[in-house]
Amino acid sequence: RLHAAAILAHHDLTPLAAWFTGHEQLRVLTQTGVAADIIIGLLRGQLGAADAVRRLRRARRDSNICWLGLAKRRLRRGEIAAALRAIERAEAAPLPDPFDAAVTRGEILRRLGRGREAAALIGGFLDQPAFAALARWQLDYWRTTAPAAPWWRRLLERSA
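Keep in mind the model is a prediction, meaning the values are calculated, not measured.

Draft legend 1. Inspection of the packing of helix α8 (residues 115-123) against helix α9 (residues 132-144) at higher detail. Between α8 and α9, the least distance of the axes is 9 Å, while the angle of their chain directions is 165°. By the angle between their axes, α8 is roughly antiparallel relative to α9. Considering the relative orientation of α8 and α9, their crossing is left-handed. For the pair formed by α8 and α9, the contact residues are Ala118, Ala119, Ile122 and Gly123 on the first element and Ala135, Gln138, Leu139 and Trp142 on the second.

Written out as structure tokens, the structure reads:
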């Protein structure tokens, strides 16, 4: 949101909500097969912003990137069972960032009390030069940090 606000401060653009896509909006548009329809429709003035968002919203259930984004959202909210279902759906096809998916699944496993499985999952990246440093950091972080409480529990603790 902050990034979008900074861009909008300097350019006269109409923002389009692309929930659960993270920084992968164009990849999701391509992955779901709606990129040409939406982009060309918007450029030609044949498609309004609300229609573009509706098309993307209908198409995103076919995007494993969106399922990963939903898993992260559910995890942040402490909805662990829903997060697990979403990450399983996301991993049904290869993801552009397998480490990101592994960290998300690993955190879900930790919150389910399956920390050894989470560590083994991330440990699989230690022998990959592109991910080794990140994997070491993640494992160290998990060793020194307890799994986060759900957002609603943290809110209750703050108000007590």
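Read on, since the account is not over.
Draft legend 2. Molecular detail of the nonpolar core. Leu29, Ile38, Leu68, Ile87, Ala90, Leu95 and Ile108 are the most contacted members of the largest nonpolar core, which totals 25 residues. Per-element accounting of this core gives the leading share, seven residues, to helix α5 (residues 64-76). When sequence neighbours within four positions are dropped, the list of residues in contact with Leu68 reads Ile87, Ala90, Leu95, Asp100, Ala101 and Thr104. Ranked by size, the runner-up nonpolar core spans 11 residues in total, among them Phe99, Ala102, Ile122 and Ala135.

Draft legend 3. Structural context of empty space enclosed by the protein. Under the criterion given, the structure shown has one cavity of 30 Å³ or more. If you add up the space inside the largest cavity, you get close to 30 Å³. Around the largest cavity sit Ala17, Ala18, Trp19, Val53, Leu56, Arg57 and Arg60, which together line it. Of the residues in the lining of the largest cavity, the class split is five nonpolar, no polar and two charged.

Draft legend 4. Structural context of the pattern of salt bridges. One pass over the structure, following the stated rule, counts seven salt bridges. As a salt-bridge pair, Arg74 and Glu79 come within 3.2 Å of each other at their nearest N and O atoms. Arg105 is paired through a salt bridge with Glu91; the nearest N and O atoms lie 2.7 Å apart. Here Glu91 lies in the loop between α6 (80-90) and α7 (98-111) and Arg105 lies in helix α7, a separation of 14 residues in the sequence. For Arg105, a relative accessible area of 17% gives the class buried. Where salt bridges share partners, they join Glu107, Arg110 and Arg111 into one cluster.

The rules behind these values
- Residues numbered from 1 in each chain as written.
- Predicted model: local features only at pLDDT ≥ 70, side-chain atom pairs only at ≥ 80, totals over all residues.
- Heavy atoms only, no water.
- Axes fitted to C-alpha atoms, helices over the stretch in contact; angles between N-to-C directions.
- Helix = DSSP H or I, 4+ residues; strand = E, 2+ residues; numbered from the N terminus.
- Parallel < 35°, antiparallel > 145°, perpendicular 65-115°, else oblique.
- Left-handed = near helix turned anticlockwise from the far one by under 90°.
- Contact = heavy atoms within 4.5 Å.
- Core = buried A, V, L, I, M, F, W, Y, C linked by side-chain atoms within 4.5 Å.
- Buried < 20%, exposed > 50% of the residue type's maximum accessible area, 1.4 Å probe, protein only.
- 1 Å grid on protein atoms, 1.4 Å probe; cavity = no way out; pocket = protein on both sides within 12 Å on 5 of 7 lines; lining within 4 Å.
- Points joined across faces, edges and corners; volume = space filled by probe spheres on them.
- Nonpolar A, V, L, I, M, F, W, Y, C, P; charged D, E, K, R; others polar.
- Salt bridge = Lys/Arg side-chain N within 4 Å of Asp/Glu carboxyl O.

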